[in-house]
Amino acid sequence: MKAFLTVIGKDKVGIVAAISDELSKLNVNIIDITQTLMDDFFTMVVMVDLERSPKSFEEIKEALQKRGESIGVEARIQREEIFNKMHRI
């Protein structure tokens, strides 16, 4: 299953490293990644593949939320089909 992870927060060193480290621990593969700064805010969208992770979607979601909170950013993950429906014009 594919999913989209969004990460938003005040910019600081180590955000990409912390999130990619957590994805690695969960055995979640990064398919595509984009990031930008808007004023002092860091924003990142990551398309991931959850297929090889031994964890459930809910476990992955909880782990990413906790890791985000630990570094002061908001990390949210959505299944690809939900993301696509929300962003359909």
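Just so we're clear, the structure is a prediction, and the values are computed from it rather than from any experiment. (Residues numbered from 1 in each chain as written. Predicted model: local features only at pLDDT ≥ 70, side-chain atom pairs only at ≥ 80, totals over all residues. Heavy atoms only, no water.)

## Section: the overall build of the chain
So the rule is basically this: Secondary structure follows DSSP: runs of H or I at least 4 residues long count as helices, runs of E at least 2 residues long count as strands, and numbering of each begins at the N terminus. Each residue's exposure class comes from its accessible area (1.4 Å probe, protein chains only) as a fraction of the maximum for that residue type: buried when under 20%, exposed when over 50%, partly exposed otherwise. Contacts were defined at the residue level, with two residues in contact if any of their heavy atoms lie within 4.5 Å. Here the Shrake-Rupley method, with its probe set to 1.4 Å, supplies the accessible areas, and only the displayed protein chains count as covering residues.
Helix and strand counts for the chain come out as three helices and four strands. By the burial criterion, 35% of the 89 residues in the chain qualify as buried. For the chain, the proportion of contacts with a sequence separation of at least 24, taken over those separated by at least 6, is 68%. Roughly 5900 Å² of accessible area belongs to the chain as shown, and the carbon and sulfur atoms make up 50% of that amount.

## Regarding the nonpolar core
Selection criterion: We define the nonpolar core as a collection of buried residues of types Ala, Val, Leu, Ile, Met, Phe, Trp, Tyr and Cys that are connected through side-chain atoms lying within 4.5 Å of one another.
Within the largest apolar cluster, 22 residues are counted, with the highest numbers of intra-cluster contacts made by L5, V7, I19, V48, L50 and I77. Of all the secondary-structure elements, those providing two or more residues to this core are strand 1 (2-10), helix 1 (15-25), strand 3 (41-49), helix 2 (57-71) and strand 4 (73-79). It is helix 2 that provides the largest number of residues to this core, a total of five residues.

## As for the pairing of strand 2 (residues 29-38)
Just so we agree on the cut-off: When DSSP finds two or more bridges between a pair of strands, those strands are recorded as paired.
Sheet topology places strand 2 next to strand 3; nine bridges connect them, and they run antiparallel. From the neighbouring strand, I33 faces strand 3, where its bridge partner is V46. Between the antiparallel neighbours strand 2 and strand 3 lie two residues, among them D39 with a positive phi of about 55°.

## Digging into the environment of V45
Within the secondary structure layout, V45 lies in strand 3. Residue classification places V45 among the partly exposed positions, given a relative accessible area of 30%. Residues V45 and T34, spaced eleven residues apart in sequence, show a C-alpha to C-alpha distance of 5.4 Å. In this structure V45 touches F4, L5, T6, D32, I33 and T34, once residues within four positions along its chain are discounted.

## Description of the pattern of salt bridges
Threshold: Here a salt bridge means any side-chain nitrogen of Lys or Arg lying within 4 Å of a carboxyl oxygen belonging to Asp or Glu.
Per the counting criterion, the structure on display carries six salt bridges. Notably, a salt bridge pairs E22 with R67, separated by 2.9 Å at the nearest N-O pair. Of this pair, E22 sits in helix 1 while R67 sits in helix 2, and the two are 45 residues apart along the sequence. Residues E22 and R67 agree in their burial class; the two are buried. Across the pair K66 and E62 runs a salt bridge, and its minimum N-O distance is 3.0 Å. With K66 and E62 both in helix 2 and four residues apart, the pair spans about one turn of that helix. Taking relative accessible area as the criterion, E62 reaches 42% and is therefore assigned partly exposed. When salt bridges with common partners are traced through the structure, they connect D21, E22, K25 and R67 into a single cluster.

## Quick look at the sheet that holds strand 1
Threshold: For helices, the fitted axis covers only the stretch in contact; all axes are lines through C-alpha atoms, and the angles between them, taken along N-to-C directions, range from 0 to 180 degrees.
Spatially, four strands are ordered 2-3-1-4 in an open sheet, and the strand pairing comes out antiparallel. The sheet is open, and its two edges are formed by strand 2 and strand 4, each paired on a single side. Direction aside, neighbouring strands of the sheet carry axes that sit 15° apart on average. Of the strands in this sheet, strand 1 and strand 4 are in contact with helix 2, which crosses strand 4 at around 165°.

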